[in-house]
Amino acid sequence: MELLQKKAIEVLNKNWKGNFSIPCANLYPFQWFWDSGLIAIGFAHFDMPKAEKEIETLLDAQWENGFIPHIIFHTETDTYFPGADFHLSNLHPQASKKYKSTGMTQPPVTGFVLEELYKISEDKKATLEFIKRNIDQVYFNHEYFYHQRDPKNEGLVYIYHNWESGTDNSPIWDDIWSTMNPPEYTFERRDTTHVDPSERPSKREYDHYLHIIEIAKKYHYNDEKIMELSPFLVQDPLFNAMLIKSNESLIKLYKLIGGHDAKIKQLQLWQNKSIRSFNDKLFDERLGVYVHYDLRNEKSLNYISSSSFSPLFAGIPDKKRAESMIKIMMDKFGREDQYLCASFDPSSERFNPKKYWRGPVWINLNWMLYRGLVQYGYKDIAERVKKDSIEIIEKNGFYEYFDSRKKVHAEENAGYGGHDFSWSAALLIDFIN
Ligand code: 9WN
């Protein structure tokens, strides 16, 4: 285990660029929102100044309206498409003047990351000072979500692009793609020069991704216009669970700091409403798990994915519901010949164990699942998630995602996508400490 930890530290240090981290070399050469948060948790175990700097750099790119972008383009490299010249964040009047970025966001992990840093810290006083300096910006980000992304005032925020979900080519989005018919754009993909195309989204999927951005750009990334016109408008259980988990952390941290009653009260109001709506609207009684809601077409997207179990991490289901969800997870995803936890329902015809978010196991989702299972008292299953996560890294290396079928790991390298991937290293460190 010591050797594995040593290697994980090497990966993080290699991907550290002086004031932020890249997810991995070549494939992802900039700073990504939710990667950054999860990477900071890894650094906190052995280099707190880097953990703090990672978060400070991310927050430094916050827009004047509280929005935090999903990619911050710190350099000019063209090894990634679509880059800064395509996204053109400066179309938005309140965009950061200091950094070029995208005009979309990613799961809001920063609140709970601050709490994790505090828990890990051996110098709580110093870490609390760091949190005091930064927490209001995270609060401002939540304010942005509740004011700009919750049109029905339900406490559930929408995402307007699959890249905002973090689960880019999930089969769930196929239902939305079938409502669209974007032009066939001419562009040069860069991801498929770094990674086997069979492990990445298709060209036609990219047409859809680009088309949504073109619409947003046409209206200068104006939230109201996006809400009105984006063909993709989804209430995502993973995204909303991250927001709820982060609300809870902000409440705890503000209490610890003291003197922030108004903010605590507001967070509590958001939190109560969000949890109520989440349970009422995003739970599918027939499937017995949480699902996505397509706000544009006003219908549930009834599929089981690893995002369906993420509400456990945020303490959203009651005990009875949690119990039945976990049973479903074990029946469908937890067979002995499978590693926990595939990113999409292995019994579905849309399942593909090699292709990105259509089936492979991801360490970040496993880490959340592990925490959720522990919180609900499912120690044995939690231990299996942890053991599986460590084993697939030990066997293959710090890949971006892994085949969920055990037999494949016995025969060949079953790690896919980017290699020496930062959050796989960071969360491995957290798993074993
Ligand atoms: C688009 C960086 C990001 C992750 C996402 C993952 C992948 C990007 C891409 O890489 O998405 O944001 O180009 O495929 O899906 O979760 O944050 O690691």
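Residues numbered from 1 in each chain as written. Predicted model: local features only at pLDDT ≥ 70, side-chain atom pairs only at ≥ 80, totals over all residues. Heavy atoms only, no water.

The next point concerns the overall build of the chain. When helices and strands are counted, the chain shows 18 helices and ten strands. Taken against the 2.2 N^0.38 rule, which gives 22 Å for 433 residues, the C-alpha radius of gyration of the chain at 20 Å falls within 12% of a compact globule. The dimensions of the chain, computed from C-alpha atoms along their principal axes, are 55 × 55 × 45 Å. Across the 433 residues that make up the chain, the buried fraction comes to 65%. Partitioning the contacts of the chain with sequence separation of at least 6, the portion at a separation of at least 24 is 71%. For the chain, the exposed area adds up to about 16200 Å²; of that, 49% sits on carbon and sulfur atoms. Computed over 54 positive and 62 negative side-chain charges, the separation of the two mean positions in the chain equals 2 Å. (Helix = DSSP H or I, 4+ residues; strand = E, 2+ residues; numbered from the N terminus. Rg over C-alpha atoms; globule rule 2.2 N^0.38 Å. Buried < 20%, exposed > 50% of the residue type's maximum accessible area, 1.4 Å probe, protein only. Contact = heavy atoms within 4.5 Å. Areas by Shrake-Rupley, 256 points an atom, 1.4 Å probe, with all protein chains shown as cover. Lys, Arg positive; Asp, Glu negative; His and termini not counted. Charge placed at Lys NZ, Arg CZ, Asp CG, Glu CD.)

Time to look at the pattern of salt bridges. Following the criterion strictly, the structure yields 37 salt bridges and no others. Between Glu64 and Lys97 there is a salt bridge, and its shortest N-O distance comes to 3.5 Å. Of the two residues, Glu64 sits in the loop between helix H3 (48–60) and strand S2 (71–73) while Lys97 sits in the loop between helix H4 (84–87) and strand S3 (100–101), which places them 33 residues apart along the sequence. What you see here is one network of salt bridges that share partners, running through Glu115, Glu116, Lys119, Glu248, Lys252, Arg371 and Asp430. (Salt bridge = Lys/Arg side-chain N within 4 Å of Asp/Glu carboxyl O.)

Further remarks concern the side chain of Lys245. Note on placement: Lys245 falls in helix H12 (residues 237–257). There is a polar contact of 3.3 Å between the side chain of Lys245 and the backbone oxygen of Phe313. With near-sequence residues (within four places) excluded, Lys245 lies in contact with Phe112, Phe313, Ala314 and Gln375. (Polar contact = N/O pair within 3.5 Å; in protein donor to acceptor, adjacent residues only side chain to side chain.)

So, about the sheet that holds strand S1 (residues 31–32). The three strands lie next to each other as S1-S2-S3, forming an open sheet whose pairing is antiparallel. In this open sheet, the two edge strands, each paired with only one partner strand, are S1 and S3. Examined bridge by bridge, S1 and S2 share two bridges and lie antiparallel to one another. The residue bridging Gln31 from the neighbouring strand is Ile72, located in S2. (Pairing = 2+ DSSP bridges.)

Time to look at the side chain of Asn65. With respect to the helices and strands, the residue Asn65 is situated in the loop between H3 and S2. Taking the relative accessible area as the measure of exposure, Asn65 reaches 14% and is therefore buried. There is a polar contact of 3.2 Å between the side chain of Asn65 and the backbone nitrogen of Phe67. In this view, Asn65 contacts His92, Gln94, Phe140, Tyr144 and Asp223; residues no more than four positions away in its chain are not counted.

A few words on the environment of Tyr146. Residue placement: Tyr146 occurs in helix H6 (residues 124–148). Each C-alpha atom of the pair Tyr146 and Tyr158 lies 9.8 Å from the other, and the pair is twelve residues apart in sequence. Non-local contacts of Tyr146, meaning those with residues more than four positions away in its chain, are made with Gly155, Val157, Leu243, Asn247, Trp270 and Ser274. A distance of 2.8 Å separates the side chain of Tyr146 from the side chain of Ser274, its partner in a polar contact.

A rise of 1.5 Å per residue sets the reference length of helix H1 (residues 2–15), with its 14 residues, at 20 Å; its end C-alpha atoms lie 20 Å apart and thus fit the reference within 8%. Buried residues of H1: Leu4, Ala8, Val11, Leu12 and Asn15, and no others. The arc enclosing the buried residues of H1, seen along the axis, measures out at 95 degrees, which places them on a common side. Structural note: H1 exposes Glu2 and Leu3 on the side pointing more than 90 degrees away from its buried face. Those residues of H1 hidden inside the fold are in contact with helix H2 (33–44), helix H16 (379–396) and helix H18 (422–432). (Expected span 1.5 Å × (residues − 1). Arc of directions from axis to C-beta.)

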